[in-house]
Amino acid sequence: LPLVLAATAALTLLLLAAAPARAAVTRTMTGGYSVDTARRLELSIPFGEIRIEGTDTPEVRVRVKASCNSGGDCGSFVKGLRLESSNRGGTLRVKLERPDNHEIWNMEREHDRHARGEGQRGHHDSHDSDLSIVVEVPRSLQVELNMGAGEVSVEGLRHDLSIDLGAGEVSV
C-alpha cells in the first residue's frame, strides 16, 4: 500500500508539472495631458482601483496597471486597453477605452440593460483582471469621475469633485 501511494503521488506531481500554465499578463500605460485652458477634468474609467492625487504640476498624469492571471480572453482585454483624451471647451477628458467587441464590456452593457429593466442580466465568469489607476491632477481643476465599479480614493484637491460610481467604495 505505501508503494501505491508513493507512485500515485509521484504521478500526480508529474501531471501537475506537465499541465500548461496560463501566463499572467501585465501591462502599464502612462499618459501626460496638458491642461492648457481647461478648468475641469472628466475621467471615465470602467472599473478598478483609482487614486486621484492633487498636485502642483500643470498637467494631468495617468498611470494604469492592468493585469490578469487567466490568459486567453483576459490577456487580449489587457493588451487592447488604451488611454484617449480630448481638450475642448474648458474640459479635459481622459478615458480608459476598452478593446472593441470584448466580452467583458458586452457583459457590462448587459448589466446596464438589466439595471434599466431591459432583459436579463448576463453572466460572465471572472477573468481575474485588475485595473490599478493613479491620476495626478493640478489642485486647481474641478474633477468629475465616472466609474462602473471599484474603489476610489481622493486627496489634495481644492475644487469641486463629482464621483459617479456604480458600485464600490469612495474615500475622500
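Residues numbered from 1 in each chain as written. Predicted model: local features only at pLDDT ≥ 70, side-chain atom pairs only at ≥ 80, totals over all residues. Heavy atoms only, no water.

Notes on unusual backbone geometry
- For D36, which is not a glycine, the phi torsion comes out positive at approximately 50°.
- Among the structural elements, D36 can be located in the loop between β1 (25-34) and β2 (40-55). (Helix = DSSP H or I, 4+ residues; strand = E, 2+ residues; numbered from the N terminus.)

A short note on the pattern of salt bridges
- According to the stated counting rule, one finds 9 salt bridges in the structure shown.
- E53 is the partner of R51 in a salt bridge, and the nearest nitrogen-oxygen pair spans 2.5 Å.
- Owing to a relative accessible area of 34%, R51 belongs among the partly exposed residues under this scheme.
- Between R82 and E84 there is a salt bridge, and its shortest N-O distance comes to 2.9 Å.
- When salt bridges with common partners are traced through the structure, they connect R40, E42, R93 and E144 into a single cluster. (Salt bridge = Lys/Arg side-chain N within 4 Å of Asp/Glu carboxyl O. Buried < 20%, exposed > 50% of the residue type's maximum accessible area, 1.4 Å probe, protein only.)

What to know about a negative patch on the surface
- Negative charge collects at one region of the surface, where E49, D130, E151 and E169 lie side by side.
- Position of E49 among the secondary structure elements: in strand β2.
- The exposure class assigned to E49 is partly exposed, which follows from its relative accessible area of 46%. (Patch = residues over 30% accessible without salt bridge, like charges linked within 9 Å, V, L, I, M, F, W, Y side chains within 5 Å. Areas by Shrake-Rupley, 256 points an atom, 1.4 Å probe, with all protein chains shown as cover. Lys, Arg positive; Asp, Glu negative; His and termini not counted. Charge placed at Lys NZ, Arg CZ, Asp CG, Glu CD.)

Re the side chain of E97
- Here E97 lies in strand β5 (residues 91-97).
- Overall, the relative accessible area of 14% leaves E97 in the buried class.
- A distance of 3.4 Å separates the side chain of E97 from the side chain of K95, its partner in a polar contact. (Polar contact = N/O pair within 3.5 Å; in protein donor to acceptor, adjacent residues only side chain to side chain.)

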